[in-house]
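Descriptive structure summary
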Amino acid sequence: MSQTLKVNGKEVSVEADPSTPLLWVLREKLGLLGTKFGCGQGLCGACTVHINGTAVRSCLTPVAAATNNAVTTIEGLSPDNSHPVQRAWLEADAPQCGYCQSGQIMACAALLKAKPQATEADVASAMTNLCRCGTYGRIRKAVNLAIKLTNEGEV
């Protein structure tokens, strides 16, 4: 069945069963490999993307839920890593292996879009993605820097 999506600002049609997880449509049908498969149960967050600006776990989201909605993947956040969250991640040297980082970045970007002056409680509530390498200190440093850049008008 044909599904029409708006992914990273471009309208695309894909042949997929409506119940197919959005993750697999993005990776296998559209070749957008920045969104990662982690646990397949919505727990780790490696598959985090935005639908209409809200962070969702794409491994649990059926493609039908994204039909006629704006989907943003890590590839669509900015063409040149100039988004404040991406800049903060690079400056803070947040990744170790990097596998979870696109999901971490997407979770942070959705948080700061909704709450540019996010508090520690907001960050703790929104940043629930897992990191096998345990770089949570560097991730938190990157989040705090992203908040600063966002509030300096860098968005």
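Everything discussed here concerns the structure shown above.
Residues numbered from 1 in each chain as written. Predicted model: local features only at pLDDT ≥ 70, side-chain atom pairs only at ≥ 80, totals over all residues. Heavy atoms only, no water.

A few points about the side chain of Thr 73
Mapped onto the elements, Thr 73 comes out in the loop between strand E5 (70–72) and helix H3 (74–77). Within the local environment of Thr 73, its side chain forms a polar contact with the side chain of Glu 75, the two groups lying 2.6 Å apart. Among all residues touching Thr 73, those that are not within four sequence positions of it are Val 7, Asn 8, Leu 26, Leu 32, Thr 35, Val 49 and Met 106. (Helix = DSSP H or I, 4+ residues; strand = E, 2+ residues; numbered from the N terminus. Polar contact = N/O pair within 3.5 Å; in protein donor to acceptor, adjacent residues only side chain to side chain. Contact = heavy atoms within 4.5 Å.)

Side note on the layout of surface pockets
Of the volumes computed, that of the largest pocket is approximately 230 Å³. Lining the largest pocket are 14 residues; nearest its centre among them are His 50, Leu 77, His 83, Ala 109 and Lys 113. Looking at the lining of the largest pocket, the elements with two or more residues in it are E5, H3 and helix H5 (101–114). Examining the composition of the lining of the largest pocket, we find that three residues originate from one element, H5, more than from any other. Here the lining of the largest pocket is built from residues that sort into six nonpolar, seven polar and one charged. Empty space within the second largest pocket amounts to approximately 200 Å³. Phe 37, Gly 38, Cys 39, Cys 44, Ala 46, Cys 97, Tyr 99, Cys 100, Leu 130, Cys 131 and Arg 132 are the residues that line the second largest pocket. For the lining of the second largest pocket, a count of residues per class yields nine nonpolar, one polar and one charged. (1 Å grid on protein atoms, 1.4 Å probe; cavity = no way out; pocket = protein on both sides within 12 Å on 5 of 7 lines; lining within 4 Å. Points joined across faces, edges and corners; volume = space filled by probe spheres on them. Nonpolar A, V, L, I, M, F, W, Y, C, P; charged D, E, K, R; others polar.)

A short note on the pattern of salt bridges
Oppositely charged side chains may form a pair once their charged atoms are brought near each other. The full count for this structure, using the stated rule, is three salt bridges. Note that Lys 115 and Asp 122 form a salt bridge whose closest N and O atoms lie 3.1 Å from each other. For Lys 115, a relative accessible area of 41% gives the class partly exposed. The exposure class assigned to Asp 122 is buried, which follows from its relative accessible area of 17%. Its salt-bridge partner being Lys 148, residue Glu 152 comes within 3.9 Å of it at the nearest N-O pair. Classification of Glu 152 as partly exposed rests on a relative accessible area of 47%. (Salt bridge = Lys/Arg side-chain N within 4 Å of Asp/Glu carboxyl O. Buried < 20%, exposed > 50% of the residue type's maximum accessible area, 1.4 Å probe, protein only.)

Side note on the pairing of strand E2 (residues 10–15)
With six bridges connecting them, strand E1 (residues 2–7) and E2 associate as antiparallel partners. Paired with Val 7 across the bridge in E2 is Lys 10. Hairpin connection from E1 to E2: two residues lie between these consecutive antiparallel strands, with Asn 8 at a positive phi of about 55°. (Pairing = 2+ DSSP bridges.)

Some thoughts on unusual backbone geometry
For Asn 8, which is not glycine, the phi dihedral falls at a positive 55°. Along the chain, Asn 8 falls in the loop between E1 and E2. If you check the backbone angles, Asp 93 has positive phi at about 50° while not being a glycine. Counting through the fold element by element, Asp 93 comes out in the loop between helix H4 (84–92) and H5.

Topic: H4
Among the residues making up H4, those that are buried are Pro 84, Val 85, Gln 86, Ala 88, Trp 89 and Ala 92. Contacts made by the buried residues of H4 are with H3, H5 and helix H7 (136–151). Once H4 ends, the next one or two residues include Asp 93, with phi positive near 50°.

In short, geometric facts, not functional conclusions.
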